[in-house]
Amino acid sequence: MNKIVLFCTLIILCSIESFSQQNIPELLMAKNGNTIASSKQWEKLRRPEILAMVESEMYGIVPGELKISEINILDQDVQALQGKAIRKQVKLTFRGNQKELSVELLMYLPKGKKSYPTFLGYNFSGNHTIYGDTAIHIAKEWNGAAKPRGVETSNWEVERLINAGCGVATMYYWDIAPDREDFSIGIYPLLYKAGQTKPANNEWGSLAAWAWGLSRALDYMKTDKQVDGSKVIVIGHSRLGKAALWAGARDKRFAAVISNNSGCGGASIYREKAGETLLKMNNRFPRWTAVNFKKYTENESLLPFDQHMVLAMVAPRPLYVASASEDAWADPKNEFKSALLATEVYKLYGLKGINSPNFPELNMHVGATVSYHIRNGKHNILAYDWDQYISFAKKFVQ
Ligand code: GCU
C-alpha cells in the first residue's frame, strides 16, 4: 500500500515538475518567499496577493461601488413549465453620473423546494433565446438582427434543470457591457470620474464588467425569498466562462463555479499555450482586459501569475472545469493542467480535486471538489455537460 502511495506521489511530483518547466509561478509561495502550508496562510496572505495582482494586471479593478438603484418584478408566473416552475423576469436598474443602465434577469425556479442549487450565467443572444417560452421578453437588440426565440435551447436545457430540481437564472451579457470596442456605452460611464472617457490602465475591461454584473445579480437573488441564495452556482461558456470564473474567484458568495470551454483568459494556463494565445486574444479583443495586461502580449514569461491561480481563488468552494475534444482553440490540456495545479490549494482544506496528472479519457468525469471532463465534440455547452454539472451540484453544493 505504502509503495503504491509513494509511486503515485512520484508521478504527481514529476508531472508538477514538468509544468514548472513552463516557469509557471508557484501557487503556494508568497511574494515574501514564504511557503504557504495551511488554509489560514492561504486566506490571509496568498489569496489576497493573488487577487490584487490578477485584478490590477489582467481583468482590471472595478473603479468604484455601484449598487442596484431599483428593482422591478416585471413578470411572475407560478405555473411555468406545465406548473413545475416559477418564471420571474426582474429588471435591475443602476444609476450613476446622471446615467442609467438596466438589465433583465430571467429565472426559472423549481416549485415546492426550499433548498436547491440555481445556475446563474449570461446568455450570448438575449434571454428569449434560451427557451421557447413566448412570455420571455425579447432582448434589446445590440448586435444586428434579433435572434429567434429559443435558438439557444440546447445550450440551456431549462426543462432538464427544472426536472432535476435545479433553478436557472440568466441575463444578456451585452446589457451590462456591449461586446465591442466602445467604452462610452454599457456600465463603464456610470463610474467615470469627471472628464474620463475610458477605463484607466488598471481599470476594468469587459470580462471584469461582466463578472461585476453577475455579482449584482447575486445581490438581488439573495434578497428574493423564492431563490435559495446560498446555493447560487456561477456558470459560463467560452468568453462568458471567463467572466463566470472571474466572478466566482472574486466573490466568495457564489456557492460554486463552473467554467465551460473558457480557454485563454479563462481556465487555461497562458504559458506554452496551444490554440488561442495571449497575442491572439489581446489583438482581437483588447477590450476584454485592462490596458495593463497588454504588456504581457508575447511576454507570457513576465506574468507574475497564471490562470491556475485564478482557479485556486475559488477554493474551498466547488470548482468544475470542462473542455471539448474539438476545441483546440481553448486548449483542453492547459485547462486540465490548471485544474490539476489548483487542486494543491484544495488539499490545504483537506479536500480532493484532480488526483491524477493523466489527461482523462473522453466523456469521463474526474475529480471531486475540483472536477474536470473533456466532452467529445465541438466548442459548446450541451446536455452531456449539464448532466455533469447537475450531479456535481447535487454532490458538492451543500
Ligand atoms: C473567440 C475567442 C475566445 C472566446 C470565444 C467565445 O473564439 O477567441 O477567447 O472564448 O470567441 O466566446 O465564443
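Look up: the structure comes first, before these words.
The rules behind the values
Residues numbered from 1 in each chain as written. Predicted model: local features only at pLDDT ≥ 70, side-chain atom pairs only at ≥ 80, totals over all residues. Heavy atoms only, no water. Salt bridge = Lys/Arg side-chain N within 4 Å of Asp/Glu carboxyl O. Helix = DSSP H or I, 4+ residues; strand = E, 2+ residues; numbered from the N terminus. Buried < 20%, exposed > 50% of the residue type's maximum accessible area, 1.4 Å probe, protein only. Expected span 1.5 Å × (residues − 1).

Colleague: Please clarify how the pattern of salt bridges should be interpreted in this entry.
Modeller: Pairing between side chains of opposite charge can happen when their charged atoms approach one another. Evaluation of the coordinates by the stated rule reveals 24 salt bridges. Salt-bridge contacts for Arg250 lead to Glu55; the nearest nitrogen and oxygen are separated by 3.0 Å. Taken together, the positions of Arg250 in helix H7 (residues 239-250) and Glu55 in helix H2 (residues 39-59) put the pair 195 residues apart, joining distant regions of the chain. Looking at Arg250, the relative accessible area reads 31%, which means it is partly exposed.

Colleague: For this particular structure, what's the right way to read unusual backbone geometry?
Modeller: What is expected of a backbone is that most residues other than glycine have negative phi and most peptide bonds are trans. Residue Pro316 is bonded to the preceding Ala315 through a cis peptide linkage, with omega at 5°. Non-glycine residue Glu157 carries a positive phi angle of around 50°. The residue Glu157 is located in the loop between helix H4 (153-156) and helix H5 (158-163) in this model. Judged by its relative accessible area of 16%, Glu157 is buried. The phi angle at Glu298 is positive, at roughly 60°, despite the residue not being glycine. Of note, Glu298 is situated in the loop between helix H8 (278-284) and helix H9 (307-312).

Colleague: I would appreciate a short explanation of helix H6 (residues 206-221) in the present structure.
Modeller: Residues spaced three or four apart along an α-helix point in a common direction, a consequence of the helix completing one turn every 3.6 residues. The first and last C-alpha atoms of H6 sit 23 Å apart over 16 residues, in line with the 22 Å expected at 1.5 Å per residue. Most of H6 sits out of view: 15 of its 16 residues are buried.

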